[in-house]
Structure formats: structure tokens, C-alpha cells
Amino acid sequence: MKLYRSLIAVGAIAATGLALTGAAEARDQIRIVGSSTVYPFTTTVAEQLGKTSGVKTPVVESTGTGGGMKLFCAGVGVDHPDATNASRRMKKNEFEQCQKNGVKDIIEINIGFDGLTLAQSKAGPTMSLTLGQLFLALAKEVPGADGKLVANPYKNWSDIDKSLPNIKIEVLGPPPTSGTRDSLHELFMEKGAEQIPALVALKKSDVKAFDKVWKTLREDGAYVEAGENDNVIVQKLEANKNAFGVFGYSFLEENIAKLKGVPIDGVAPDFDTIASDKYKGSRRMYVYIKKAHIGVIPGLDKFAAEYVSNKATGEDGYLAKKGLVTLPKNQLEISRKNVEGMVPMTADPLS
């Protein structure tokens, strides 16, 4: 009787496995979610794959880095995306969520660099900012005359520094679900807070209070959440010459006839300053792929291989022409080996 029950159990498991495989095979199109910054690059790779490989062109959705991670880490199978784009590295808690939900083997591809930019209309006033000035423009609380934190009182840029234009502070940027928002906090706000003596002192005395200050943007209209679609920000900058927008360098490059980048700490965002890390807003971009879906979702392995090919992410590849700041050859080779060997990432050194 026990043997009979065991055989039934094994049969049920096998049937379930076949059903899952059948369901996965029923989806003949790769599904990718994630970062709006990485979206144009992945879309280009997807279109190239569809034209040259016989694979059905993958579906790419712009959900934001955080939103993409939630969808990606929710599970394995036909109902879950095969890959996600990210304008920052996967966080340790996201990796752990993936593991908890059965997304065990994840292939990490560092595709290149991007620069977090503050951009404006070419018709707007000439601007150059320090990270400290940018922090004072966007933080919900700033040090007052006595060094204690107060609600941000600055209405115009000239209120922060008389050398800046006497125009209203209006910065359009990403929502909390976006990897670009994470980069805004970590690359601009945290580093900007570290340029202000009163906040340097706060960091020494109370790290948690310091972290809260640079992680909290003002909510009085000076900072405007403009959604995940960076093209919307571009359109609003065209309509308002005194407004500023926060997005990746590729969108600035794509709209360079209409927009200009604001130099930060004396360095303007361009290909060379981002690739050399001279520009303070330089950041890495990633694509994450589920190893469990390789060989099940048609063409996923070919998509990964196309992404790390010289014709795509090489120095003169088609993604460089789209505004991607490409990796040095030795770093691209690491990404390529991760794909060729399907080497899963580990939690170290995620933070």
C-alpha cells in the first residue's frame, strides 16, 4: 500500500512538472520588465534579435527598477517575467526575496554605464551647481541659521546662492519605484549632504538622522514626480525653459538638440566624463535573467548572447550609438563569460 501511494505521489509530481513545462512552452515570446533608463537599450536589442535570429521579438515593459524587481522576484514560470532591467545593482533584500520565491539562479549582466543628469532646455539660463546646492534645492529639511534642521525655505535658486538665477526651483524627476530615484538619493543627495558642514556634524553624531535627511525629498511642489516615462520629462522641459529634469544620460544624448546638461561640481555630463568616473552622477546599469527560463522560453539564451556581443555593447556597437556608455573590454568580457557559462550571481557583495 505504501509503495502504491509513493508511486501515485511520484506520478502526480511528474504530471505537475509536465504541466508547468507545457505552460512555459506555450509562451513563445520573451517578457522583460524594469528600468525606464535601460528600456531603450533593451528594446533595441530585442528588435535586433527579432530581425536577425528568427526569435519572436521580446516584449519589453517600462515598470521602473523597483517595480521590475518585484515582478521578476515573484516566481519562476510562464506567469513571471524572464528578465528585468535595472539602473542600479540588485539589492540584497531583493536577491533574498528572489531566493524565497524560488528564483534561485540569476544571471547578472552589467551592460555599461549611464550618467544621472540634471538637464534643462537649451533656451534656459546657464546653470552650474555643486552637489551641496542641489541638495539644498531638493531636500525636505535643511540646516537653518543655527545649524538645526528646518523645513526647506528656498523658493528660488538665488535663495540658495545669489550667483544662481532668480527663478523658481522646479525639478521634475522619477518616483520612488525607479532606480533613477535611488541614484538621485545616493549619487546626488547623500553626496550633497556631505558637502554641508552642519550635516557632516549630524552624520558623526546621529547616522540615522543624517540618512533620513538625504533620503527625504521636499513635497511642496519644488520636486515633481513625473512618472516612469522619461520622455514625459523631456516634453515638459521643452515647454518650460526654467524647469529642470532628472534622468539618465541616454535621454539627454537623444535630445541634445533641445536640452543641455547642468555641470555638477564643475563637470558636465558626457560620454568621456561618465566612462572615466569624473562625473559625479556616473552609475552602472544591469540586466538580470532567470536561468530556470533558459531553454524553456524560446530565444532567451540568444537574447542574453546578443546583449553582450561586440556588435551590441562593444565600443562601436549599436547601443553606443543609442547613448550607452560602454564598458572597458575587460569588464565586458566578464559579462560575456557570465552569459556563456550561465554563471549565477551570489549575495556577496550586495548591500
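Per an unreviewed UniProt entry, the protein carries the name Substrate-binding domain-containing protein and comes from Rhodoplanes azumiensis.

Colleague: Tell me about unusual backbone geometry, residues and numbers included.
Modeller: Residues other than glycine seldom take positive phi values, yet Asp265 does so here, at roughly 50 degrees. On the secondary structure map, Asp265 appears in the loop between strand E10 (259-261) and helix H12 (271-275). Owing to a relative accessible area of 24%, Asp265 belongs among the partly exposed residues under this scheme. Of note in this structure, Asp277 is not a glycine but carries a positive phi near 70 degrees. Within the secondary structure, Asp277 sits in the loop between H12 and strand E11 (282-290). What makes Asp277 exposed here is its relative accessible area of 53%.

Colleague: Tell me about the nonpolar core, and name the residues and values.
Modeller: If you look at the biggest cluster of nonpolar residues, it comprises 55 residues, and the most contacted ones within it are Phe135 and Trp157. Judged by nonpolar contacts, the second largest core, of 28 residues, contains Val38, Val45, Val60 and Phe303.

Colleague: If you had to explain the packing of aromatic side chains to someone new, which residues and values would you point to?
Modeller: Both the distance between ring centres and the angle between the ring planes are used here to describe each pair of aromatic rings. Within the structure shown, the criterion is met by four aromatic pairs. Each ring, one from Phe247 and one from Phe251, has its centre 6.2 Å from the other, and the planes form 55 degrees; the classification is tilted. By the burial criterion, Phe247 is buried, and Phe251 matches it. Aromatic side chains Tyr286 and Tyr288 sit 5.9 Å apart centroid to centroid with 20 degrees between the ring planes, which places their arrangement in the stacked category. Residue classification places Tyr286 among the buried positions, given a relative accessible area of 8%.

Colleague: Help me get a handle on the side chain of Ser178, residues and values and all.
Modeller: Structurally, Ser178 can be placed in the loop between strand E7 (171-173) and helix H7 (179-193). With a relative accessible area of 3%, Ser178 lands in the buried category.

Colleague: Provide a residue-level description of the pairing of strand E1 (residues 31-34), including the pertinent values.
Modeller: Examined bridge by bridge, E1 and strand E2 (residues 59-60) share two bridges and lie parallel to one another. Bridge pairing in E2 links Ile32 to Val60. Where E1 lies against strand E3 (residues 83-86), three bridges are found, and the strand directions are parallel. By the bridge assignment, Ile32 is partnered in E3 with Ala83.

Colleague: Outline the confidence of the model for the protein, supporting the account with residue identities and numerical values.
Modeller: For the protein, per-residue confidence averages 90 on the pLDDT scale, and 93% of positions sit at 70 or higher. In this model, residues 1-25 is a region of pLDDT below 50 whose contacts with residues beyond four sequence positions or in other chains number five contacts.

Colleague: Report on the packing of helix H8 (residues 197-205) against helix H9 (residues 207-215), specifying residues and quantitative values.
Modeller: Each pair of packed helices can be summarised by the angle the axes make with each other and by the distance between the axes. In the contact formed by H8 and H9, the axes pass within 6 Å of each other and the chain directions differ by 135 degrees. In terms of their interaxial angle, H8 and H9 are classed as oblique. In contact with Leu199, Leu202, Lys203 and Ser205 of H8, H9 contributes Val207, Ala209, Phe210 and Val213. Of the residues that constitute the contact of H8 with H9, the class distribution is six nonpolar, one polar and one charged.

Colleague: Give me the lowdown on the side chain of Thr180, citing residues and values where you can.
Modeller: The topology assignment puts Thr180 in helix H7. Every residue in contact with Thr180, bar those within four places of it in the chain, is listed here: Thr37, Ser87, Leu116, Pro174, Val246, Phe247 and Arg283.

Colleague: Can you lay out the pattern of salt bridges for me, pointing to particular residues and giving the numbers?
Modeller: Tallied over the full model, the rule gives 16 salt bridges. Between Lys91 and Asp182 there is a salt bridge, with the nearest N and O atoms lying 3.8 Å from each other. You can see Lys91 sitting in the loop between E3 and helix H4 (92-100) and its partner Asp182 sitting in helix H7, a full 91 residues away along the chain. With a relative accessible area of 27%, Lys91 lands in the partly exposed category. Here Arg181 and Glu225 are joined by a salt bridge, their closest N and O atoms 3.3 Å apart. Of this pair, Arg181 sits in helix H7 while Glu225 sits in strand E8 (residues 223-225); the two residues are 44 residues apart in sequence, bridging distant segments of the chain. Judged by its relative accessible area of 46%, Glu225 falls in the partly exposed class.

Reading guide: rules and limits
Once a new chain begins, its residue numbering starts again from 1 and follows that chain's sequence as written. Where totals are concerned, whole chains, interfaces and linings use all residues; where local detail is concerned, this predicted model gives features only for residues with pLDDT of at least 70, and gives and counts side-chain atom pairs only at 80 or more. For the side-chain quantities, the full set of heavy atoms in the structure was used; hydrogens and water were omitted. Numbered from the N terminus, helices here are DSSP runs of H or I no shorter than four residues, and strands are runs of E no shorter than two. For every residue, the accessible area (1.4 Å probe, protein chains only) is compared with the maximum for its type, and the residue is labelled buried under 20%, exposed over 50%, or partly exposed between those bounds. As used in this record, nonpolar core signifies buried Ala, Val, Leu, Ile, Met, Phe, Trp, Tyr and Cys residues forming a set joined through side-chain atoms within 4.5 Å. Planes of paired rings set the category: under 30 degrees apart is stacked, over 60 is edge-to-face and the rest tilted, where pairs are Phe, Tyr or Trp rings (Trp by its six-membered ring) whose centres lie within 6.5 Å. A strand pair is defined by DSSP finding two or more bridges across the two strands. Residue-level confidence of the predictor is what pLDDT reports, using numbers from 0 through 100. Residues count as neighbours in contact if any of their non-hydrogen atoms are within 4.5 Å of one another. In this description, a line fitted to the C-alpha atoms serves as the axis of each element, helices being fitted only across the stretch in contact, and the angle between N-to-C directions of two axes falls anywhere from 0 to 180 degrees. Any angle between 65 and 115 degrees counts as roughly perpendicular, while under 35 counts as roughly parallel, over 145 as roughly antiparallel, and the rest as oblique. Throughout this entry, Asp, Glu, Lys and Arg are counted as charged residues, while Ala, Val, Leu, Ile, Met, Phe, Trp, Tyr, Cys and Pro are counted as nonpolar. The remaining residues, Gly among them, count as polar. Salt bridge, as applied in this entry: a Lys or Arg side-chain nitrogen positioned within 4 Å of an Asp or Glu carboxyl oxygen.

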